Amino acid sequence: MRQASGKRETAETKIDLTVRLDDPSEIKIETGVGFFDHMLHAFARHGRIGLTLQVEGDLHIDSHHTVEDTGIVLGKAVREALGDKHGIVRFGTSYVPMDDALGFVSLDISGRPFLHFEGEFNLPSLGNFDTELVREFFQAFAFHAGITLHARVLYGENTHHKIEALFKALGRALAEAVKIDPSLEGVLSTKGLLE
């Protein structure tokens, strides 16, 4: 089974995480940021991956370090769980409607980290989650997973719906990209290597 665990402890956060790409049976997330927990649960459920996560962050300041550092640890764990990437489909794309909103994510597990992000949110925060942190999470995840990631809110009014559409689309695109295609020999690259 493709899985990996990650820990990170700094003066700002303490994180303990395990990701299981082939076993979605357990999803348990506690970050101290309710809306972020909800988004990560949606990501894991629609990504059909197992995710256990415990975060202690400096929430007396704000939720920035908790969200960004979670993206770092999750990205590293996904990268480790993928191993040599032999047989993976590599690319994944998803459009997800969420009532009035439509989110889009397309990604390439390329070893070349990149983020293109388009999304404007009408509310500055949802609970103790600052909405500008959506981009921060996507960037931390993409760069530490070694993923080329394009994410976009195509339209919508409700901030909750727009963000949730993006997290679900990220999960669904990742689920597609990490699938093993038994017809593939080695990696899906003309270089013969995915870093």
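Residues numbered from 1 in each chain as written. Predicted model: local features only at pLDDT ≥ 70, side-chain atom pairs only at ≥ 80, totals over all residues. Heavy atoms only, no water.

Enquirer: Sorry, what's going on with helix 3 (residues 133–145) here?
Expert: Count 3.6 residues to each turn of an α-helix, and residues three or four apart come out pointing the same way. Over its 13 residues, helix 3 extends 18 Å from the first C-alpha to the last, a length consistent with the 18 Å expected when each residue adds 1.5 Å. All of the buried residues in helix 3 are Leu-133, Val-134, Phe-137, Phe-138, Ala-140, Phe-141, Ala-142 and Ala-145. Following helix 3 by one or two positions, Gly-146 adopts a phi angle in the positive range, close to 70 degrees. (Helix = DSSP H or I, 4+ residues; strand = E, 2+ residues; numbered from the N terminus. Expected span 1.5 Å × (residues − 1). Buried < 20%, exposed > 50% of the residue type's maximum accessible area, 1.4 Å probe, protein only.)

Enquirer: What exactly am I supposed to notice about the packing of aromatic side chains here?
Expert: Remark: the centre distance and the inter-plane angle together describe each pair of aromatic rings, the angle taken between the planes. Scanning all chains against the criterion turns up 10 aromatic pairs. Their ring planes at 75 degrees and their centres at 6.1 Å tell us that Phe-43 and Phe-141 sit as a pair that is edge-to-face. Highlighted residues: Phe-43 in helix 1 (residues 34–47) and Phe-141 in helix 3, separated in sequence by 98 residues. Overall, Phe-141 belongs to the buried group, its relative accessible area being 1%. (Phe/Tyr/Trp six-rings, centres within 6.5 Å; stacked < 30°, edge-to-face > 60°.)

Enquirer: What is the right way to look at the sheet that holds strand 1 (residues 3–9) in this model?
Expert: The four strands lie next to each other as 1-2-4-3, forming an open sheet whose pairing is mixed. Each edge of the sheet is formed by a strand with only one pairing partner; in this case those strands are strand 1 and strand 3 (27–30). Averaged over all pairs of adjacent strands, the angle between their axes in this sheet comes to 5 degrees, without regard to strand direction. Summarising the sheet, strand 1 and strand 2 (residues 13–20) pair through seven bridges and their orientation is antiparallel. Following the sheet pairing, Ser-5 is matched in strand 2 by Thr-18. In the packing of helix 1 onto the sheet, contacts are made with strand 3 and strand 4 (50–57), and the angle to strand 3 comes to roughly 160 degrees. (Pairing = 2+ DSSP bridges. Axes fitted to C-alpha atoms, helices over the stretch in contact; angles between N-to-C directions. Contact = heavy atoms within 4.5 Å.)

Enquirer: In this structure, what is going on with the nonpolar core? I would like to understand it.
Expert: Generally speaking, a soluble globular protein has its nonpolar side chains buried in company with each other. Grouped together as the largest cluster of nonpolar side chains are 56 residues, with contacts concentrated most on Leu-107, Phe-137, Phe-138 and Phe-167. A per-element tally of this core places helix 4 (residues 159–178) first, with 10 residues. Those residues in contact with Phe-137 that sit more than four places away from it in its chain are Phe-36, Leu-40, Val-67, Thr-70, Gly-71, Leu-74, Phe-167 and Leu-170. (Core = buried A, V, L, I, M, F, W, Y, C linked by side-chain atoms within 4.5 Å.)

Enquirer: Is there a simple way to think about the pattern of salt bridges in this case?
Expert: Close approach of charged atoms allows side chains with opposite charge to pair. Inspection of every chain in the model, using the stated rule, returns seven salt bridges. Through salt bridges that share partners, Arg-90, Asp-108 and Arg-112 make up one connected network. (Salt bridge = Lys/Arg side-chain N within 4 Å of Asp/Glu carboxyl O.)

Enquirer: Would you mind showing me how to read a nonpolar patch on the surface here?
Expert: Where nonpolar side chains cluster on the molecular surface, the patch consists of Tyr-95, Leu-154 and Tyr-155 and spans about 340 Å² of accessible area. In this fold, Tyr-95 is placed in strand 5 (residues 91–98). On the accessibility criterion, Tyr-95 (52% relative accessible area) is exposed. (Patch = residues over 30% accessible without salt bridge, like charges linked within 9 Å, V, L, I, M, F, W, Y side chains within 5 Å. Areas by Shrake-Rupley, 256 points an atom, 1.4 Å probe, with all protein chains shown as cover.)

Enquirer: Would you explain the packing of helix 1 against helix 2 (residues 64–82) in this entry?
Expert: Packed helix pairs are characterised by how far apart their axes lie and by the angle those axes make with each other. Interaxial distance between helix 1 and helix 2 falls to 12 Å at its minimum, and their mutual angle equals 25 degrees. The pairing of helix 1 with helix 2 is recorded here as roughly parallel in orientation. When the axes of helix 1 and helix 2 are compared, the crossing they make is right-handed. Listed contacts from helix 2 to Phe-36, Leu-40 and Phe-43 of helix 1 are Thr-66, Val-67, Thr-70 and Leu-74. Considering only residue class, the contact of helix 1 with helix 2 consists of five nonpolar, two polar and no charged. (Parallel < 35°, antiparallel > 145°, perpendicular 65-115°, else oblique. Left-handed = near helix turned anticlockwise from the far one by under 90°. Nonpolar A, V, L, I, M, F, W, Y, C, P; charged D, E, K, R; others polar.)

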